[in-house]
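Structural characterization, general
Each chain, letter by letter, is given below.
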Amino acid sequence: MTVKRRPLLTKIARHLGLVPFLVFALFPFYHMALTSLKTDRELYDRHAVPLLIREGPTLEHYQKLLWDTGFLIWTKNSLLVTVLATTVSVVLGTIAAYALARLRFFGVGPFGTGIFVTYLVPTSLLFLPLAQVVHWLGLADSKWALVVTYPTFLVPFCTWLLMGYFRTVPKEVEECAMVDGATRLQALLRIVLPIAVPGLVCAVLFAFTLSWNEFIYALTFTSSSDEITASVGVTSELIRGDIYFWGGLMAGAVLGSVPIVILYVFFLDYYVSGLTAGAVK
Amino acid sequence: MAVGSVRVGPVVPRPGLRVWELLDHERFLGPAFVTPALLLITLLVAYPFCMALYFAMSNAFIGRPSHFIGLRNFVGLWESDAFRQTFQNAFVFTGASVALKLVLGMTLALLLNQQLWFKRMIRGAVLLPWVIPTALSTLGWWWMFNSLYSVVNWTGLALGLMDPPGPNWLGQKYYAMTAVVTVNVWRGLPFFAITILAGLVSIPRELYEAAEADGAGPVARFWHVTLPMLKPVLAIVVLFSTIFTFSDFNIVYVLTHGGPINSTHLFATLARQVGLESGQIGQGAAISLYLFPVLMLVVWAQLKFVRRQVY
């Protein structure tokens, strides 16, 4: 067969098959970054080649974004909301997942199903009544509304993800510790949790990413410039009337993605394993 | 705290320790551990859901007392052109997006499942659209589809694929739907590709070797080994994706706001427009609730699979 005589050629052919997918996946980011670095004159020149920068890269859009808009406040809000919601959700999710995966008690089955159903309830189904609840809690137009509501989708997610991890820890390890006199809580803290660290990292990363990316709650529950998150700020505050400042918009989109990209670069394998955990396990 | 050293023998009973002792029993520890999550879900998911049901059956309007009107909202919506259009859009959008993601995801997974140079980098690049905040990356697409400076059209013209000036992507009915589907496929493809890839990797090699020994070519092996083995993974991926695509909000909200003339509205975006921007909470809630039957259907199908695997 020719296939076996020409290993290098087939290998190159395989990679060529991937090129359209890579272009499709990456081009929007390239174009976004490029636009954010162009001068306005080149940006709005309809005869210029849109794929390249001719008139030197400029940071003016970034400067304007950082100093003339509320972008730093929005980013700070995003960070605050994300860190708090993630912490609360991972803690609640961890103990709930441990109970569901390990303990036998009244109602464990229905509760497991309930968590799963909640995990699938889309945020766009609940944002209208939740807006009312947020109002009653006195949190309307406040980033605290997001800290309170984000766990509604993060806790089911973390619980679901971690249940899978806890099941992979052999029961015997824990039982050994308890035979040696440790209480169940001690066994959990000193034996089970250290073994489940990869799962915990995964849960933290996903909770962080999901709440950083959340949009519909942030858009609905907050509106004043001091309370909104980065996604909402960039998509609503930078668009005024019919004139769009494309350079600034793209700079905002790039900078708003930076925290996630940093995490992503360092923890790629966790993202891959977390992504497949829900579906394949 | 006695860190590291584990006490042996009976614990000396002290009054303050009673609670901790109780927690050593599964019957008490279990409920104690799930209570916080249960409270959260009851107060902020189940309760709002019941509120949504009530809103949907009332003539609630922002800042006005409401009355119970039964199912009139659900029925009355069918007289609105915007709603009928949205209903149709939701199925077109979901059907086209999920089908494309499935076919392309399968292709991509098969390509990634080969020996490659820079495997990690390629995998990372393929996954990237899925982690970036959707609202922000959709802004990038909005600019790419811009009516005056569309880089999509510029490229199409340069390659001779389009007639000048090229389509006005977000301003014309069918092109706008094409655009929102494209962005959804772009964002959702990594989930399909990576999950299917994980499914591919777990297929035992012996099956392929046996098929090859029986004289099966690559196509026959795909049909008789790969596809049947992947069926559970594919079913779950499609079900998950159906819910998330059907209830999508971000892409349409940023890219088209439901326009032109409601041709890209989905339930979530229409619900927001009617419920918040026009203040008719009752009708908005009813529109949101049209997501519910699909959710139930998928949950039911999922539980059949998941239960078999987990419980």
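Please read all numbers here as calculations on a predicted model, not as lab measurements.

Turning our eyes to something else, we now look at the overall build of chain A. Per the secondary structure count, chain A includes 16 helices and two strands. Over its C-alpha atoms chain A spans a radius of gyration of 24 Å, topping by over 25% the 19 Å that the globule rule assigns to 281 residues. Seen through its C-alpha atoms, chain A measures out along the principal axes to roughly 75 × 70 × 30 Å. Within chain A, buried positions represent 55% of all 281 residues. Considering only intrachain contacts with a sequence separation of at least 6, the fraction spanning at least 24 residues in chain A is 73%. When the accessible surface of chain A is split by element, carbon and sulfur atoms take 68% of a total near 12100 Å².

Our focus in this paragraph is the overall build of chain B. Counting its regular elements, chain B contains 14 helices and zero strands. Each helix and strand of chain B, ordered N terminal to C terminal, gives the series α-α-α-α-α-α-α-α-α-α-α-α-α-α. In terms of overall size, chain B is more extended than a compact globule, its C-alpha atoms giving a radius of gyration of 26 Å where 311 residues would be expected to give roughly 19 Å. With the C-alpha coordinates of chain B rotated into their principal frame, the extents come out at 85 × 75 × 40 Å. Across the 311 residues in chain B, those meeting the buried criterion constitute 50%. Residue pairs at least 24 apart in sequence account for 66% of intrachain contacts in chain B once pairs closer than 6 positions are excluded. Carbon together with sulfur atoms contributes 66% to the accessible area of chain B, which is approximately 15400 Å² in total.

Below, the discussion takes up the pattern of salt bridges. Residue and element names in this part refer to chain A. With the rule as written, the count across this model stands at nine salt bridges over all chains. Ionic pairing is found between E174 and R184, a salt bridge with its closest N-O pair at 3.4 Å. Taken together, the residues E174 in helix α10 (residues 171-179) and R184 in helix α11 (residues 184-195) connect sequence positions 10 residues apart. Classification of E174 by relative accessible area gives buried; the value is 3%.

What follows is about the nonpolar core. In this structure, A:Y150, A:F166, A:Y217, A:L249, B:L139 and B:L255 are the most contacted members of the largest nonpolar core, which totals 189 residues. Counting residues per element, this core draws most heavily on helix α8 (residues 173-201) of chain B, at 15 residues. With near-sequence residues (within four places) excluded, A:Y217 lies in contact with A:T123, A:L126, A:F127, A:L130, A:L146, A:T149, A:Y150, A:T152, A:F153 and A:T222.

All names here are of chain B. For helix α5 (residues 119-131), with 13 residues, the first-to-last C-alpha span of 19 Å sits near the 18 Å given by 1.5 Å per residue. Residue A125 marks the point of greatest curvature in α5, where the axis turns by about 30°; the proline P129 follows within four residues. For α5, every residue scored as buried is listed here: I122, G124, A125, V126, L127, L128, P129, W130 and V131.

Let us now look at a nonpolar patch on the surface. Taken together, the side chains of A:L8, A:L9, A:I12, A:L16, A:V19, A:V23, B:W117, B:F118 and B:M121 define a hydrophobic patch exposed on the protein surface, amounting to about 930 Å² of accessible area. You can see A:L16 is positioned in helix α2 (residues 7-36). Owing to a relative accessible area of 55%, A:L16 belongs among the exposed residues under this scheme.

With the rule as written, the count across this model stands at 48 aromatic pairs over all chains. Seen in terms of ring centroids, B:F222 and B:W223 are 6.0 Å apart; in terms of plane orientation they differ by 80°. Their pairing is edge-to-face. With a relative accessible area of 52%, B:W223 lands in the exposed category. The rings of A:F116, A:Y119, A:F157, A:W160, A:F206, A:Y264, A:Y271, B:W130, B:F191, B:F192, B:F240 and B:F244 are connected pair by pair, giving a single aromatic cluster.

Moving on, we get to the interface of chain A and chain B. The interface is formed by 105 residues belonging to chain A together with 106 residues belonging to chain B. Of the roughly 9700 Å² buried between chain A and chain B on both sides combined, carbon and sulfur atoms contribute 78%. Across the contact surface, chain A and chain B share two salt bridges. In this assembly, chain A and chain B are joined by 12 residue pairs in polar contact (both at pLDDT 80 or more). Take the side of chain A that touches chain B: its biggest share by element is 18 residues, from α2(A). Considering only residue class, the side of chain A that touches chain B consists of 72 nonpolar, 22 polar and 11 charged.

A separate point is helix α7 (residues 123-136) of chain A. Residues and elements named next belong to chain A. The terminal C-alpha atoms of α7, which comprises 14 residues, lie 19 Å apart, in line with the 20 Å expected from a rise of 1.5 Å per residue. Of all the bends found along α7, the most pronounced is centred on P129 and spans about 45°. Residues of α7 that are buried include every one of S124, L125, L126, F127, L128, P129, L130, V133 and V134, and no others. One or two steps after α7, the chain reaches G138, where phi turns positive at roughly 75°.

On to the confidence of the model for chain A, then. Confidence in the prediction for chain A averages 89 pLDDT; 96% of positions are at 70 or higher. The spread of mean pLDDT over the elements of chain A runs between helix α1 (residues 2-5) of chain A, the lowest at 52, and helix α8 (residues 143-149) of chain A, the highest at 96.

Residues and elements named next belong to chain B. Between G259 and the following residue, P260, the backbone shows a cis peptide bond with an omega angle of -15°. With respect to the helices and strands, the residue P260 is situated in the loop between α11 (250-255) and α12 (267-277). A positive phi angle, near 55°, is found at H257, a position not held by glycine. By the secondary structure assignment, H257 is in the loop between α11 and α12.

Conventions and cut-offs
Residues numbered from 1 in each chain as written. Chains lettered and ligands numbered in written order. Predicted model: local features only at pLDDT ≥ 70, side-chain atom pairs only at ≥ 80, totals over all residues. Heavy atoms only, no water. Helix = DSSP H or I, 4+ residues; strand = E, 2+ residues; numbered from the N terminus. Rg over C-alpha atoms; globule rule 2.2 N^0.38 Å. Buried < 20%, exposed > 50% of the residue type's maximum accessible area, 1.4 Å probe, protein only. Contact = heavy atoms within 4.5 Å. Areas by Shrake-Rupley, 256 points an atom, 1.4 Å probe, with all protein chains shown as cover. Salt bridge = Lys/Arg side-chain N within 4 Å of Asp/Glu carboxyl O. Core = buried A, V, L, I, M, F, W, Y, C linked by side-chain atoms within 4.5 Å. Expected span 1.5 Å × (residues − 1). Bend = angle between axes of the 7 residues up to and from the residue. Patch = residues over 30% accessible without salt bridge, like charges linked within 9 Å, V, L, I, M, F, W, Y side chains within 5 Å. Phe/Tyr/Trp six-rings, centres within 6.5 Å; stacked < 30°, edge-to-face > 60°. Buried area = accessible area lost by both parts, 1.4 Å probe. Polar contact = N/O pair within 3.5 Å; in protein donor to acceptor, adjacent residues only side chain to side chain. Nonpolar A, V, L, I, M, F, W, Y, C, P; charged D, E, K, R; others polar. pLDDT = per-residue confidence, 0-100.

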